[in-house]
Amino acid sequence: MKRQSTWLSLVFWIAVSLITLFPIYWLFVISVKPAVDLFTTPDLFLKSFYWQNYLDVLTDRTLRGYMWNSLIVSSGNALLVTTLGFLACYALTRYDLGGKESIFFWTITNRMAPPAVFLLPLFLLMTSYYRIGNFSLLDTKIGLILVYCTLNLPFAIWTLRPTLDGIPKDLDEAAYMDGASSWKVISEVVFPLARPGVAVTLMLTWVFAWNEYLLAATLTNFNARTLTTGLSEYVTTTGTEWGVMATISVFTLIPALIVFSLVQKHIVAGLTFGAVKG
Amino acid sequence: MADVSIKDVVKRYGSLQVMHGVNVDIADGEFVVLVGPSGCGKSTLLRMIAGLEAISDGTIEIGGRVVNDVPPKGRDIAMVFQSYALYPHKTVGDNIGFPLKMAKRPKQEIDDKVGRAADILDLTKYLDRYPRALSGGQRQRVAMGRAIVREPKVFLFDEPLSNLDAKLRVTMRVEIKELHQRLNTTIVYVTHDQIEAMTMADKIVVMRDGRVEQIGTPLDLYDNPQNVFVGGFIGSPSMNFIHGHIRDQGGKHFVSDEGLHLPLPETSASDGQAVSYGIRPEHIGIGDSGIRMKVVVTEPTGSETQVFARSGDDLIDAVVKDRISARPGDEVGFIIDPARVHLFDRETEQRII
Ligand SMILES: Nc1ncnc2c1ncn2[C@@H]1O[C@H](COP(=O)(O)OP(=O)(O)OP(=O)(O)O)[C@@H](O)[C@H]1O
Ligand SMILES: [Mg+2]
């Protein structure tokens, strides 16, 4: 009985994994085929590797620029929102702020709105108002980093709050008694204990910024274009370069996979942190 | 080392006042215990001395300096929390050394002092362990190590033993007392356990509902409770109280509402005055003479026996060293020494004798 159910669940999960992973596999298959082979009868298994798409992408200066932009924007944004979110949660959990539950909820509502809502106002503001002389935030990396705060900061506050709530305030007080300043309390006690939660927040916000398409597509032209928006440039009026697109997609996937596998165990630790704390 | 002087201290949370003008003087090197029932404001007072809680009104002086606006860091005091509040991500050694690290002492000095504190508290073996791998008593000692390592002017303890089992509590009680004799630092110690208060304190402050009820040495509080509350709170098992009146018929004596006649010492109480008659169980003897009482329950503990007995609706308990053969339902004589009787006014609950 027991053995049978183990087998059943094994088969079930293998099937589920195959179904979910198949598109990714197919993406890979497309990326290593020459364009002429794409529309022939599909083969399920690879017979040969065609690396030209990869070479094309890697030697393309524009695409390399996009990749760099994506990296800077998502890392910059993740660091910024995690830092700000951490400090906000510290204040929310440690100080007697009037109406702090309302502040918390209000922050979350920003995340609930569909991103498209922010599109038009942000575009107009960035082109006409957020400018100093000739410098405007439109089509800059810093501009994107700031824009992503709209969605990522609420998210960071939301994920970090249980973590900080779970760290007993007695520890803060003990540290104050031991002669620590507020900053020392944070750096010596609160932050080290919040590390799993911080890691999870960093990662999830990073992945969000890395994958974001809509805002990046509208608020950048050339200088700050990211990899996801770069993808769409391969759909042109003269045809679609499927192979190159697939290759770029693979490149978009890889960092997310790496980040996920690195912090996978922190996710579990982070999500249960508040609960297991005595 | 320093004395602590608490003057007319008031604490308000918004419009809610929880401390109503508290005055306590603590001499240099004294072991003072704040005791009282749950919610009476012991922790709040301690945290005001620590600087973790703002003082709404009045002043607190440490070593002659008013510290109302001084943050904890500047008060040179150490505190042991009920939860111990050990830093879970630091080793025992780093926990104990943390105050010195915050004071930016040189590494060598930190190591020396941590070593010495660990030695005093018998923690040398555990310096590299993390708090989660320690027993309750060991954690308790680490928390004390963290407090003594900096040689502060004053130690504050907030119910440090309440998470330990009964036996360990007795051991730690002795250890804390020993530590005090060794370091001679002023200690303010909070507990709701009157036995802890009696055994450890040089001076006890009994609190109720944000007010001080009485301050004195343990024996002073035991012998001369100023009111019904202190009489009932100090001493275990607690004092018997019987409601009744004074009768003056050629010599005063006490008559309970149930008609029980009890002896009195010399008193200024007047005929007909409504009073509460207080007598401690250990000041009642059992014999063939005395007031006739019917035994309800006997509780032998080996070293002594507690006897609950009834006369009418008055229930009185006595504690005697002898083994008692009386069984429930039997009649025994309760012998009360008038010199040990406490008398309180029924209205004001204040002491008469
Ligand atoms: N933040 C607060 N807001 C409002 N009232 C409070 C607050 N903190 C404490 N109190 C009230 O102050 C009073 C004293 O509390 P305190 O914690 O000092 O009691 P305690 O004597 O230490 O009791 P215990 O033995 O249960 O620890 C209580 O009535 C409590 O409800
Ligand atoms: Mg308390």
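Criteria and cut-off values
- Residues numbered from 1 in each chain as written.
- Chains lettered and ligands numbered in written order.
- Predicted model: local features only at pLDDT ≥ 70, side-chain atom pairs only at ≥ 80, totals over all residues.
- Heavy atoms only, no water.
- UniProt positions renumbered as here; feature names shortened; annotations may be inferred.
- Helix = DSSP H or I, 4+ residues; strand = E, 2+ residues; numbered from the N terminus.
- Buried < 20%, exposed > 50% of the residue type's maximum accessible area, 1.4 Å probe, protein only.
- Contact = heavy atoms within 4.5 Å.
- Areas by Shrake-Rupley, 256 points an atom, 1.4 Å probe, with all protein chains shown as cover.
- Lys, Arg positive; Asp, Glu negative; His and termini not counted.
- Charge placed at Lys NZ, Arg CZ, Asp CG, Glu CD.
- Expected span 1.5 Å × (residues − 1).
- Bend = angle between axes of the 7 residues up to and from the residue.
- Near = heavy atom within 4 Å.
- Polar contact = N/O pair within 3.5 Å; in protein donor to acceptor, adjacent residues only side chain to side chain.
- Nonpolar A, V, L, I, M, F, W, Y, C, P; charged D, E, K, R; others polar.
- Buried area = accessible area lost by both parts, 1.4 Å probe.
- Salt bridge = Lys/Arg side-chain N within 4 Å of Asp/Glu carboxyl O.
- Domains from an automatic or database assignment.

The name given to chain B in an unreviewed UniProt entry is Carbohydrate ABC transporter ATP-binding protein (CUT1 family), and the organism recorded there is Palleronia aestuarii. Looking at the Sequence similarities (unreviewed entry) heading of the UniProt record, one finds this comment for chain B: "Belongs to the ABC transporter superfamily."

If you check an unreviewed UniProt entry, chain A appears there as Maltose/maltodextrin transport system permease protein MalG from Palleronia aestuarii. According to the UniProt record, the Subcellular location (unreviewed entry) comment for chain A reads "Cell membrane". Database annotation for chain A, UniProt heading Sequence similarities (unreviewed entry): "Belongs to the binding-protein-dependent transport system permease family. MalFG subfamily."

For chain B, the helix and strand inventory stands at eight helices and 20 strands. Taking the principal axes of its C-alpha atoms as reference, chain B extends roughly 80 × 45 × 35 Å. Across the 353 residues of chain B, 51% fall into the buried class. Counted over contacts in chain B with a minimum sequence separation of 6, partners at least 24 positions apart contribute 66%. Put simply, chain B shows about 15,800 Å² of open surface, and 46% of that area lies on carbon and sulfur atoms. If you average the places of the 43 positive and of the 49 negative side-chain charges in chain B, the two averages end up 9 Å apart.

When its secondary structure is counted, chain A shows 11 helices and four strands. Along the first, second and third principal axes, the C-alpha set of chain A runs to 75 × 75 × 30 Å. For chain A, the proportion of its 278 residues judged to be buried stands at 43%. Contacts in chain A between residues at least 24 apart in sequence constitute 74% of all its contacts with a sequence separation of at least 6. As displayed, chain A has an accessible area near 15,500 Å², and 71% of this comes from carbon and sulfur atoms. Between the centroid of the 18 positive side chains of chain A and the centroid of its 16 negative side chains there is a distance of 4 Å.

In the numbering adopted here, UniProt assigns the feature "transmembrane region" (unreviewed entry) to residues 7-28, 66-92, 112-130, 142-160, 189-209 and 242-263 of chain A. For residues 112-130 of chain A, helix accounts for 79% and strand for 0%, while the C-alpha atoms at its two ends are 25 Å apart.

Here the focus is helix 5 (residues 116-129) of chain A. Residue and element names in this part refer to chain A. For helix 5, which comprises 14 residues, the first-to-last C-alpha distance of 20 Å matches the rise-based estimate of 20 Å (1.5 Å per residue) to within 8%. Taking the largest bend as the criterion, helix 5 deviates by roughly 25 degrees, centred on Leu122. Every buried residue of helix 5 is accounted for by Phe118, Leu119, Leu122 and Met126. On its buried face, helix 5 sits against helix 4 (100-112), strand 2 (135-136), helix 6 (141-165) and helix 9 (214-219).

On to the site of ligand 1. Residue and element names in this part refer to chain B. Ligand 1 sits among Tyr13, Leu16, Val18, Ser38, Gly39, Cys40, Gly41, Lys42, Ser43, Thr44 and Glu159. Between ligand 1 and Lys42, the relevant distance is 2.8 Å, taken from an oxygen atom to a side-chain nitrogen or oxygen of the residue. Its free accessible area being 630 Å², ligand 1 has 58% of it covered by the protein chains. Breaking the shell around ligand 1 down by element, the ones donating at least two residues are strand 2 (16-26) and helix 1 (42-50). Here the shell around ligand 1 is composed, by residue class, of four nonpolar, five polar and two charged.

As recorded in UniProt, the sites labelled "domain: ABC transmembrane type-1" (unreviewed entry) are residues 67-263 of chain A. Helix makes up 78% of residues 67-263 of chain A and strand 4%, with an end-to-end C-alpha separation of 22 Å.

Right, let's get into the interface of chain B and chain A. Taken together, the contact between chain B and chain A spans 22 residues of the former and 17 residues of the latter. Here chain B and chain A share an interface that buries about 1,700 Å² over both sides, 63% of which is from carbon and sulfur atoms. Run the count over chain B and chain A and you get four salt bridges. With a shortest N-O distance of 3.0 Å, Glu188(A) and Lys101(B) are connected by a salt bridge. Scanning the region where chain B abuts chain A turns up nine residue pairs in polar contact (both at pLDDT 80 or more). Of all the secondary structure elements, the ones that give two or more residues to the side of chain B that touches chain A are helix 1, strand 6 (77-80) and helix 2 (92-102) of chain B. Counting residues per element, the side of chain B that touches chain A draws most heavily on helix 2 of chain B, at four residues. Taken together, the residues of the side of chain B that touches chain A break down into 14 nonpolar, two polar and six charged.

Residues and elements named next belong to chain B. For chain B, the assigned domains read domain 1 (4-232) and domain 2 (242-345). Inter-centroid distance (C-alpha atoms) of domain 1 to domain 2 is 39 Å. Each partner contributes to the interface: domain 1 provides eight residues, whereas domain 2 provides five residues. Summing both partners gives a buried area of about 540 Å² for domain 1 against domain 2, and 52% of it is carried by carbon and sulfur. For domain 1, the biggest contributors to the area lost against domain 2 are Tyr222, Pro225 and Val228; these three give 71% of the whole. Scanning the region where domain 1 abuts domain 2 turns up zero salt bridges.

It is worth spelling out the side chain of His283(B) at this point. All names here are of chain B. You can see His283 is positioned in the loop between strand 14 (274-279) and strand 15 (284-287). For His283, a relative accessible area of 13% gives the class buried. When sequence neighbours within four positions are dropped, the list of residues in contact with His283 reads Tyr222, Ile335, Ile336, Asp337 and Arg340.

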